[in-house]
Amino acid sequence: GALNRKHFGMKLDDEIRRSEDFHGELALVAFAIDNMQEHINRYGRDGFESIVVQVVKLLRMNTQSYDVIGRQDSNTLHVLLINTTANNAYVWAEKVRKHVASNVIEVGKLNCGVTVSAGVSGLSDGMKGEEIIGACTQVLNKAIESGGNLVRFY
């Protein structure tokens, strides 16, 4: 349910151009599943992949059909929120963070609780795709370093 890194980057560039052409708002949210290594140690790599798939489904439940979800790496998911201000993206990310934390994730025959951290950045004039991804990554890392289960704003 998520685009790979290459296709997400292409879609991001397209949406940045569209946003500039029509003076629209655009926000990017980067999510990471907290305590990734602990989940891998407990459930194995396949179990962790199952967790990621279920988190993507939860993200999809909370997005519009035109919003874009992509996987940046093994533990980072990006959500491109079309026609959304950075402030509204922050509120949305908080809602999603709580939604993920309140769900039980099934891994094989076991159940587990999962939390996510998030970084939010809005598109500024002249900003390129790599720059908005970098801004999101920077604040996502601060959320993780602060103990996780947080949303930080660029």
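Residues numbered from 1 in each chain as written. Predicted model: local features only at pLDDT ≥ 70, side-chain atom pairs only at ≥ 80, totals over all residues. Heavy atoms only, no water.

Going through the model one piece at a time under the given rule, you end up with 2 aromatic pairs. When the centroid spacing of 5.9 Å and the interplanar angle of 70 degrees are considered together, the rings of F31 and W92 count as edge-to-face. Placement of the pair is F31 in strand β1 (residues 26-33) and W92 in helix α3 (residues 86-101), with a sequence separation of 61 residues. Take F31 and W92: they sit in the same class, and that class is buried. (Phe/Tyr/Trp six-rings, centres within 6.5 Å; stacked < 30°, edge-to-face > 60°. Helix = DSSP H or I, 4+ residues; strand = E, 2+ residues; numbered from the N terminus. Buried < 20%, exposed > 50% of the residue type's maximum accessible area, 1.4 Å probe, protein only.)

Along its 26 residues, helix α2 (residues 36-61) runs just 22 Å from first to last C-alpha, ending more than 12% under the 38 Å computed at 1.5 Å per residue. By the largest-angle criterion, Y43 marks the main kink of α2, which is about 115 degrees. What α2 keeps buried is the set H39, I40, Y43, G47, F48, I51, V52, Q54, V55, V56, L58 and L59. (Expected span 1.5 Å × (residues − 1). Bend = angle between axes of the 7 residues up to and from the residue.)

All right, on to the pattern of salt bridges then. Counted by the stated rule, this structure contains 5 salt bridges. A salt bridge links K11 to E15; the shortest N-O distance between them is 3.5 Å. Taken together, the residues span about one helical turn, with K11 and E15 both in helix α1 (residues 5-22) at a distance of 4 residues. For K11, a relative accessible area of 30% puts it in the partly exposed group. What makes E15 buried here is its relative accessible area of 5%. Here E15 and R18 are joined by a salt bridge, their closest N and O atoms 3.0 Å apart. Of the two residues, E15 and R18 both sit in helix α1, 3 residues apart, roughly one turn of that helix. Assessed through its relative accessible area of 43%, R18 is described here as partly exposed. (Salt bridge = Lys/Arg side-chain N within 4 Å of Asp/Glu carboxyl O.)

Residues V29, F31 and I51 are the most contacted members of the largest nonpolar core, which totals 30 residues. Where this core is concerned, the elements lending two or more residues are β1, α2, β3 (76-82), α3, β4 (104-107) and β6 (116-122). I16, L26, V68 and C136 belong to the second-largest nonpolar core, a separate cluster that totals 16 residues. (Core = buried A, V, L, I, M, F, W, Y, C linked by side-chain atoms within 4.5 Å.)

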